[in-house]
Amino acid sequence: MADSKHVAVLMGGWSAERPVSLASGKDCAAALERSGYRVTLVDVQRDISAVLQKLKPDVVFNALHGPFGEDGCIQGLLEILGIPYTHSGVAASALAMDKQKAKAVMKAAGIPVAEHKVLHRLEAAKAHALPPPYVAKPVREGSSFGVLIVKENSEHPPQELYRDDWPYGDTVMVERYIPGRELTCAVMGNVALGVTEVMPLGHGFYDFDAKYKPGGSQHTLPAKISPFVYQEVQKLSLRAHQALGCQGVSRADFRFDEQPSGGGELICLEVNTQPGMTPTSLVPEIAAHAGHTFEELTSWMVENASCGR
């Protein structure tokens, strides 16, 4: 029974996505308490192993985002401690967080990805690695941190990459810019849920503010696209979830360059194994459209938590 389970909700940490994680964790903890679980909120620090050994929770709800919490590190620690946890395991988490490796796996599974190159950020700052327009992004970050868009008429690569205080690592991916519509689809277990179109409001692209600030973007659910494209997004999202070895809930992001004829280019950008669970987040909204309340969604994640995957 829910009221007999002690759930430790891990949140915070020290990645650039700490504020998002704190918001996700608090909302998920509140939902789990409403469902009858005994909940302990844990703001993760370097002593997390000792904290968990003292708490002895039955399950960990992983609401961490970004490096350490999303890349297989905390997952490995939880497996060593023998505590079941939500979301994907060590291998899938590490794989999905590394954009270069994730693209290789998805391409091999028949999922369309954008042409790209991976190189040192100083090399990417010297000369265009691809003909503009393109996108330069850190290989291992989330929430659009460090994403730079190079427009078609840009004479120079993004000079921000020269910064001495660049905080996102020395390896960047330069990826062909895909114009068009932003689509996203959540997967819950082995079921692809609805497809949302995301339209940033007052932003050049779906950046951090568009994702997490109230009024930063407009969500259209279900996305107003042809039934064929809608079903294709669902099919590819589930295929990506399975190819990467994801568990629990994931979210796949796409760009759709729609053509007047009705067709167009559909490209998978990435798979998020720890999607945001804030009031403006996409997955709770998509799950609600499929008939799952926020309480039901978080409870399902706890009841499907496992260890040693």
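Residues numbered from 1 in each chain as written. Predicted model: local features only at pLDDT ≥ 70, side-chain atom pairs only at ≥ 80, totals over all residues. Heavy atoms only, no water.

Chemist: Help me understand the UniProt feature "binding site: Mg(2+) 1" (unreviewed entry) in the chain in this model?
Modeler: Using the residue numbers shown here, the UniProt feature "binding site: Mg(2+) 1" (unreviewed entry) corresponds to D253 and E270. With the annotated positions falling across 18 residues, the maximum pairwise C-alpha distance of 5.6 Å places them together in a single cluster. Take D253: it is sitting in strand 11 (residues 249-258). Look past the residues within four positions of D253 in its chain and what remains in contact with it is L183, T184, I267, C268, L269, E270 and N272. A polar side-chain atom of D253 sits 2.9 Å from a polar atom in the side chain of R251. Residues within four places of E270 in sequence aside, it is in contact with K99, M106, R251, A252 and D253. (UniProt positions renumbered as here; feature names shortened; annotations may be inferred. Helix = DSSP H or I, 4+ residues; strand = E, 2+ residues; numbered from the N terminus. Contact = heavy atoms within 4.5 Å. Polar contact = N/O pair within 3.5 Å; in protein donor to acceptor, adjacent residues only side chain to side chain.)

Chemist: Explain unusual backbone geometry here, please?
Modeler: Trans peptide bonds make up the majority, and among non-glycine residues the majority have a negative phi. Cis geometry marks the peptide bond from P132 to P133, where omega comes out at 5°. Counting through the fold element by element, P133 comes out in the loop between helix 6 (121-126) and strand 5 (134-138). Not every positive phi belongs to a glycine, and F68 is a case in point at roughly 80°. Within the fold, F68 resides in the loop between strand 3 (59-62) and helix 3 (73-81). A positive phi angle, close to 70°, is found at H87, a residue other than glycine. Positionally, H87 belongs in the loop between helix 3 and helix 4 (90-97). In this structure H87 comes out as buried when scored by relative accessible area, which is 4%. (Buried < 20%, exposed > 50% of the residue type's maximum accessible area, 1.4 Å probe, protein only.)

Chemist: Before we go on, may I ask you to explain the side chain of D98 in this structure?
Modeler: Tracing the sequence through the fold places D98 in the loop between helix 4 and helix 5 (99-108). For D98, a relative accessible area of 4% gives the class buried.

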